[in-house]
Amino acid sequence: MNMNEPGVVLSIDGVVATVLLDRPDVRNAQHPAMWAAIAGFLESLPDEVRIVVVRGASGTFSAGLDLSLVDPGETEVPGSLVATLARSDQEVIDLIGEYQRPFAALADPRFISIAVIDGYAIGAGFQMALACDLRIMAEDAWVCMKEPALGLVPDLAGTKPLVEAVGYGRALEICATARKVGAAEAERIGLAQSVVPSAELDSTLTDLVGSLVAHDATAVRRTHELLAAASSRSLDEQRLAERTAQVGRLRAVLGR
Ligand code: CAA
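Residues numbered from 1 in each chain as written. Predicted model: local features only at pLDDT ≥ 70, side-chain atom pairs only at ≥ 80, totals over all residues. Heavy atoms only, no water.

The protein chain appears in an unreviewed UniProt entry as Enoyl-CoA hydratase/carnithine racemase from Nocardioides panzhihuensis. A UniProt comment under Sequence similarities (unreviewed entry) is attached to the protein chain, and it reads "Belongs to the enoyl-CoA hydratase/isomerase family." (UniProt positions renumbered as here; feature names shortened; annotations may be inferred.)

Here is the structure:
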């Protein structure tokens, strides 16, 4: 398989951009060229785009990191993490920072990102779903933070949204055990906003997108910015941000 090829299909249709992870023969496993392509796409989206959908080809979200990247027998693979370790710690840290770019970009409040999880989202796949604002899951889908089971840590910006979604204790238990979390539990603990039969994922997504773009784009964007920053601000800071945003809204709505 060619890991110089991104293995991702990136498209824009009106206000909706779609990131389709498209390496079905390896269950949409991820690698650096894919992350670079997604980052470049998301960072240059036109302002009209209000929704970013992330999904996987052929009934699977993503089986996570392409394991050939951590195979000591495959150091010639482009992006081999084994080969990368010949560099200094700081260089590796900087490189992982580059790999984290698409995961950070998915949290940009310019748009609302939605992960559509069919099949499973493992490791980097789970972290990509966590990077999205919202998650829709098929009834028989599951997620798994596999990294600790491989002796690694989740390093693709997934720890913060996981703690914020389910709380510290549950996040620790999910990561330390590296267990599978099924869709019903994911919905109950706040990881998934809706769970539907696999055959209804498309219609559920269409309905959700329709509802999310029904109202004024700037009002939704400013509200999104407020909510996204809320957990890192004090109440006083948040109150200031709310009233500052509202001045602009009042002027726009009332024409004064
Ligand atoms: N990387 C590379 N190839 C993968 C892959 C991965 N992550 N996951 C699956 N594949 C390949 C398999 O090797 C297999 O290839 P062949 O047809 O050539 O044999 C093909 O995809 C189909 O896989 P299975 O036959 O295993 O399919 P399955 O439906 O029985 O099982 C699965 C699917 C549960 C995803 C299983 O393949 C699996 O457990 N994969 C590994 C998952 C994993 O550990 N991912 C890494 C997590 S850690 C991370 O992402 C981040 C990090 O470390 C920092």
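Across its full length, the protein chain carries 11 helices and 9 strands. By the compact-globule yardstick of 18 Å for 256 residues, the protein chain fits well, its C-alpha radius of gyration being 19 Å. Residue burial in the protein chain is summarised as follows: out of 256 residues, 42% are buried. Sequence-distant contacts in the protein chain: of pairs separated by 6 or more residues, those separated by 24 or more amount to 67%. (Helix = DSSP H or I, 4+ residues; strand = E, 2+ residues; numbered from the N terminus. Rg over C-alpha atoms; globule rule 2.2 N^0.38 Å. Buried < 20%, exposed > 50% of the residue type's maximum accessible area, 1.4 Å probe, protein only. Contact = heavy atoms within 4.5 Å.)

Attention shifts here to the nonpolar core. Within the largest apolar cluster, 60 residues are counted, with the highest numbers of intra-cluster contacts made by Leu42, Val52 and Leu191. The element contributing the most residues to this core is helix 5 (residues 124–131), with 6 residues. Other than its neighbours up to four places away in sequence, Val52 contacts Ala17, Val19, Leu42, Leu45, Leu106, Phe111, Ile112, Ser113 and Ile114. (Core = buried A, V, L, I, M, F, W, Y, C linked by side-chain atoms within 4.5 Å.)

With that settled, the discussion passes to the sheet that holds strand 4 (residues 112–117). In spatial order, the strands read 1-2-3-4-6-9; together these 6 strands make up an open sheet with mixed pairing. Looking at strand neighbours, the two that pair on one side only are strand 1 (8–13) and strand 9 (194–196), the edges of this open sheet. Mean inter-strand twist for the sheet, computed between neighbouring axes without regard to direction, equals 15°. Here helix 5 sits on the sheet in contact with strand 2 (16–21), strand 3 (51–56), strand 4 and strand 6 (134–138), set at roughly 140° to strand 4. (Pairing = 2+ DSSP bridges. Axes fitted to C-alpha atoms, helices over the stretch in contact; angles between N-to-C directions.)

Two elements in contact, helix 10 (residues 217–230) and helix 11 (residues 235–254), have axes separated by 10 Å at closest approach and are oriented at 175°. Judged by the angle between their axes, helix 10 and helix 11 are roughly antiparallel. Every residue of helix 11 that contacts helix 10 at Thr218, Ala219, Leu226, Ala229 and Ala230 is listed here: Gln238, Ala241, Glu242, Ala245 and Arg249. Its residues assigned to classes, the contact of helix 10 with helix 11 shows 6 nonpolar, 2 polar and 2 charged. (Parallel < 35°, antiparallel > 145°, perpendicular 65-115°, else oblique. Nonpolar A, V, L, I, M, F, W, Y, C, P; charged D, E, K, R; others polar.)

A few words now on the environment of Lys160. As for its position among the elements, Lys160 is in helix 6 (residues 159–166). Accessibility expressed as a relative area gives 51% for Lys160, which makes it exposed.

Quick look at the sheet that holds strand 7 (residues 142–144) now. Taken in spatial order, the 3 strands of this open sheet run 5-7-8, and their pairing is mixed. Looking at which strands have only one partner, the edges of the open sheet turn out to be strand 5 (120–122) and strand 8 (180–182). Sheet twist, expressed as the mean angle between neighbouring strand axes with direction ignored, is 15°. Across 3 bridges, strand 7 lies against strand 8 in antiparallel orientation. For Val143, the partnering residue across the bridge sits in strand 8 and is Val181.

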